[in-house]
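An overview of the molecular structure
Now for the letters of each chain:
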Amino acid sequence: MKTLLTYINPLKRLGIREYSYKFPTLTVLSAVFLNEFYAYVLLRDPEAVGTTAIFVFLLLIIYFAFRDGRKGGFIAVFGTISYYFYIIFTRDYSGDRLIAAVQTTIFLGSAYLFLAWVIGWLKEEIDKLIELEANGRKRLETIFQQLPVGVLISDKDLTVVQSNNKLNEILGIKIPLGFKMGSTMLLKSNHNGGKTKPSDSPLLQAIQKGKAISNREFTFQKNGDTRHVQVSASPIQDRNNDIIAAASIISDITEQKKLETRKDDFVNMASHELKTPLTSIKLYTDIIERKMKQYHDKELENIIEKNQEQIKRLQILVDDLLDVSRIQTGKMTFQKEIFDIQTVIRDTIELTKEAADGHKISFQAGEPIPVFADKFRIYQVLSNLITNAVKYSPEETEIIIKAEKKDKEVIISIRDFGAGIDPSEHEKIFERLYQVFDTADKKSPGFGMGLFISREIIKKHKGRIWVESELKKGSTFYICLPLADNKS
Ligand code: ADP
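Rules used in this analysis
- Residues numbered from 1 in each chain as written.
- Predicted model: local features only at pLDDT ≥ 70, side-chain atom pairs only at ≥ 80, totals over all residues.
- Heavy atoms only, no water.
- Helix = DSSP H or I, 4+ residues; strand = E, 2+ residues; numbered from the N terminus.
- Rg over C-alpha atoms; globule rule 2.2 N^0.38 Å.
- Buried < 20%, exposed > 50% of the residue type's maximum accessible area, 1.4 Å probe, protein only.
- Contact = heavy atoms within 4.5 Å.
- Lys, Arg positive; Asp, Glu negative; His and termini not counted.
- Charge placed at Lys NZ, Arg CZ, Asp CG, Glu CD.
- Pairing = 2+ DSSP bridges.
- Salt bridge = Lys/Arg side-chain N within 4 Å of Asp/Glu carboxyl O.
- Axes fitted to C-alpha atoms, helices over the stretch in contact; angles between N-to-C directions.
- Parallel < 35°, antiparallel > 145°, perpendicular 65-115°, else oblique.
- Nonpolar A, V, L, I, M, F, W, Y, C, P; charged D, E, K, R; others polar.

**Focus on the overall build of the chain**
The helix and strand tally for the chain stands at 11 helices and 14 strands. Relative to a compact globule of 488 residues, whose C-alpha radius of gyration would be 23 Å, the chain shows 43 Å and is clearly more extended. Dimensions along the principal axes, computed over C-alpha positions, put the chain at roughly 145 × 50 × 50 Å. Looking at the chain residue by residue over its 488 residues, the buried ones come to 37%. Considering only residue pairs separated by 6 or more positions, the chain has 62% of its internal contacts joining residues 24 or more positions apart. Averaging the positions of the 68 positive and the 62 negative side-chain charges in the chain gives two centres separated by 5 Å.

What follows is the structure, encoded as structure tokens:
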């Protein structure tokens, strides 16, 4: 019954471009027979076919043009006009009556043809558009299901309206369509070291704040295994910029996390293992250096000096690697005391001077500026910034260092007139292992760990570190530390 209704109801066939010729032909023929039966048998008046012949057949033309396009409409018109001529010739029309009937039939036929053409053409165009949209939707749905990331779309009332199979696979549960978010959690998960609250959901925040939220990390248990996911969400707006929905992208980063942990463990272990033999090599080289002095052999002294330089570089590298792993495991410790920051700046300049290529390092100390900090770690930061200023600026240029009190803070600036840093890199250079230049361009190659370590040290002192720089004009690195009175 349902199939029959779908077959007959033209509205149900919108978008289906299968146009029948049998159905209109059979229906029009049946209508002719019924009409003749009605006139001859029921009314017993062959002349009484006129009104039904017009109205019933006009309806059939409209119906078939709408159901089967121009094809259906034209078949219905052809059947109707043939029937009209059949009536004219079987009802003994003659003379003026015959001429008038033929003229009327030709006029009606033209009007019917025009009507069938317009309705049929419109119907075909509507079908084409619907089919195009349906195909587009199918294509998108296929891509949506094939994506390597999970996708969840909710309307603005936070009801899940769409999700893909990858999402179910990542989470290990089937997301029920129509699930309302915001009150209950779909999964027990952790975020920022604590239990996830419904308000942590990036999707919820995207809808409430109207802003894109990117790369929030969550962990949860799946089959006894800890899984890590990264979640981003964006609001979807209508033409008036009103939020109507939001889409969330969920990527499984468990393997990446495992790899990172393995890599960090390896670096940690390797740097620890390197530290001990390196200390012994340094010790033995120091002894050889001392003993060599009595032989006054210039060539050997030169070799030992080069050796010492390489050992120093290795020591810096191993110390940096150890610091990076201490930061990552939260094991970097600080011994804080009150001291004048200017004395540490002066000492650092003294110690780094020998590495400078004739650079003129200027610093004017003033009134004492007391800070409550770890002296060695602050020395480490300053030394890294000054060494960088030397490394990335031409020989014999100036490096200006300043320390100024401002409110309850001290701002230290280290300015060079070297290569400079593009504004797009100002944030990135503080990331772990990030380097702007090819190592080959450098006078003394590094590994991009210095600024990362410096930032972490300054952060632990409740301070800030940043850079202002323009390419080819030089850079100024700033460190801001709270003054000693302000210690917390
Ligand atoms: P590296 O060991 O490579 O010097 P850092 O973490 O100290 O590592 O610095 C990261 C990157 O920042 C460097 O590779 C360099 O490209 C850039 N950089 C740091 N200081 C300066 C500076 N004073 N002038 C220009 N570029 C700099």
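**Here we look at the side chain of T80**
Mapped onto the elements of the fold, T80 is located in helix 3 (residues 50-90). On the basis of relative accessible area, T80 is assigned to the buried category, the value being 0%. With sequence-adjacent residues up to four places away left out, T80 is seen in contact with V28, F57, I61 and Y112.

**Concerning the pairing of strand 6 (residues 225-237)**
For strand 5 (residues 213-222) and strand 6, the ladder comprises 8 bridges, and the chain directions are antiparallel. Within strand 6, the position partnered with T219 by the bridge is H228. Hairpin connection, strand 5 to strand 6: the antiparallel pair is bridged by 2 residues, and N223 has positive phi, about 50 degrees. The sheet contact formed by strand 6 and strand 7 (residues 243-252) spans 9 bridges and is antiparallel. Counted as the bridge partner of S234 is A247 from strand 7. The antiparallel pairing of strand 6 with strand 7 creates a hairpin that spans 5 residues between the two strands, and N241 there sits at a positive phi of about 65 degrees.

**Quick notes on the pattern of salt bridges**
What the rule picks out here adds up to 26 salt bridges. A salt bridge links D286 to K282; the shortest N-O distance between them is 3.3 Å. With D286 and K282 both in helix 7 (residues 254-292) and 4 residues apart, the pair spans about one turn of that helix. Given a relative accessible area of 23%, D286 falls into the partly exposed group.

**Quick look at the sheet that holds strand 4 (residues 194-195)**
Here we have 7 strands laid out as an open sheet, ordered 2-1-7-6-5-3-4, and antiparallel in their pairing. One side of each edge strand has no neighbouring strand; the edge strands of this open sheet are strand 2 (160-163) and strand 4. Of the pairings in the sheet, the one linking strand 3 (residues 189-191) to strand 5 comprises 3 bridges and is antiparallel in character. Along strand 5, the bridge assignment pairs N190 with T219. Across the sheet, helix 4 (residues 95-146) touches strand 1 (150-155) and strand 2, and the angle it forms with strand 2 is around 75 degrees. Set on the sheet, helix 7 makes contact with strand 5, strand 6 and strand 7; between it and strand 6 the angle comes to about 125 degrees.

**Let's talk about the packing of helix 3 against helix 4**
Relative to each other, helix 3 and helix 4 sit at 170 degrees, their axes nearing to 9 Å. The angle between helix 3 and helix 4 falls in the class roughly antiparallel. Looking at side-chain class alone, the contact of helix 3 with helix 4 contains 24 nonpolar, 6 polar and 5 charged residues.

**A closer look at unusual backbone geometry**
Even without a glycine there, the phi angle at N241 is positive, about 65 degrees. Within the element layout of this structure, N241 appears in the loop between strand 6 and strand 7. We classify N241 as exposed; its relative accessible area is 55%. Residues other than glycine seldom take positive phi values, yet H296 does so here, at roughly 50 degrees. Residue placement: H296 occurs in the loop between helix 7 and helix 8 (298-328).

**A few points about the sheet that holds strand 13 (residues 464-470)**
The mixed open sheet is built from 5 strands, whose spatial order is 9-11-12-14-13. Both outer strands of the open sheet, strand 9 (360-363) and strand 13, are each paired with one neighbouring strand and no more. Adjacent strand axes in the sheet meet at a mean angle of 15 degrees, parallel and antiparallel pairs treated alike. Sheet topology places strand 9 next to strand 11 (residues 398-406); 4 bridges connect them, and they run parallel. Considered in strand 11, the bridge of K360 is made with E398. The strands touched by helix 9 (residues 341-353) within the sheet are strand 9, strand 11, strand 12 (409-416) and strand 14 (474-482), with strand 9 carrying the most contacts at an inclination of about 170 degrees. Strand contacts of helix 10 (residues 375-391): strand 9, strand 11, strand 12, strand 13 and strand 14, with the helix running at about 25 degrees to strand 12, the strand carrying the most contacts.

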